[in-house]
Amino acid sequence: MQGYIVAFIIGGMICVIGQLLMDLTKLTSAHILVLFVSLGAVLSGIGLYQPLVDLAGAGATIPLPGFGHALVVGVIQDVDKSGLLGLFTGAFRSAAAGLMSAILFGFIFSVIFNPKG
């Protein structure tokens, strides 16, 4: 039960930071998306995001910085396994399941539901 609470608090804090950035700055949601993904990638690259993932689990991997983290982890693993080629394949391999799920479910729901114009 404690893991769920920690995940909720950490994930909620990431979302609160995003909301504050939207409310208090002139940054658009697209700017914040790129900022969060890039920040997750940088923090992962220097070894600071993995301890947060270990602490919060899905609370750190589901929000946008978690996507940047997944990309960097995939690149690091593929570089270790395949050398320089892993630099180009690792991010795709690590993000493929999530991206394919988003595309598939997006398509399914667009067929099921008719948007109001």
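Our structure's up above, just so we're on the same page.
Attention here is on the structure that accompanies the text. Model, not experiment: these values are computed from the prediction. (Residues numbered from 1 in each chain as written. Predicted model: local features only at pLDDT ≥ 70, side-chain atom pairs only at ≥ 80, totals over all residues. Heavy atoms only, no water.)

### A closer look at a nonpolar patch on the surface
- A cluster of nonpolar residues, Met100, Ile103, Leu104, Phe105, Phe107, Ile108, Phe109, Val111, Ile112 and Phe113, forms a patch on the protein surface that exposes about 1000 Å² of accessible area.
- Secondary-structure assignment places Phe107 in helix α6 (residues 86-112).
- With a relative accessible area of 54%, Phe107 lands in the exposed category. (Patch = residues over 30% accessible without salt bridge, like charges linked within 9 Å, V, L, I, M, F, W, Y side chains within 5 Å. Areas by Shrake-Rupley, 256 points an atom, 1.4 Å probe, with all protein chains shown as cover. Salt bridge = Lys/Arg side-chain N within 4 Å of Asp/Glu carboxyl O. Helix = DSSP H or I, 4+ residues; strand = E, 2+ residues; numbered from the N terminus. Buried < 20%, exposed > 50% of the residue type's maximum accessible area, 1.4 Å probe, protein only.)

### Comments concerning the layout of surface pockets
- Taken as a whole, the largest pocket holds about 190 Å³ of empty space.
- If you trace the largest pocket, you find it lined by Ile10, Met13, Ile14, Ile17, Phe36, Leu39, Leu43, Tyr49, Leu52 and Pro65.
- Every element with two or more residues in the lining of the largest pocket is listed here: α1 (2-24), α2 (29-45) and α3 (49-56).
- The element best represented in the lining of the largest pocket is α1, accounting for four residues.
- Residues that form the lining of the largest pocket fall into these classes: 10 nonpolar, no polar and no charged. (1 Å grid on protein atoms, 1.4 Å probe; cavity = no way out; pocket = protein on both sides within 12 Å on 5 of 7 lines; lining within 4 Å. Points joined across faces, edges and corners; volume = space filled by probe spheres on them. Nonpolar A, V, L, I, M, F, W, Y, C, P; charged D, E, K, R; others polar.)

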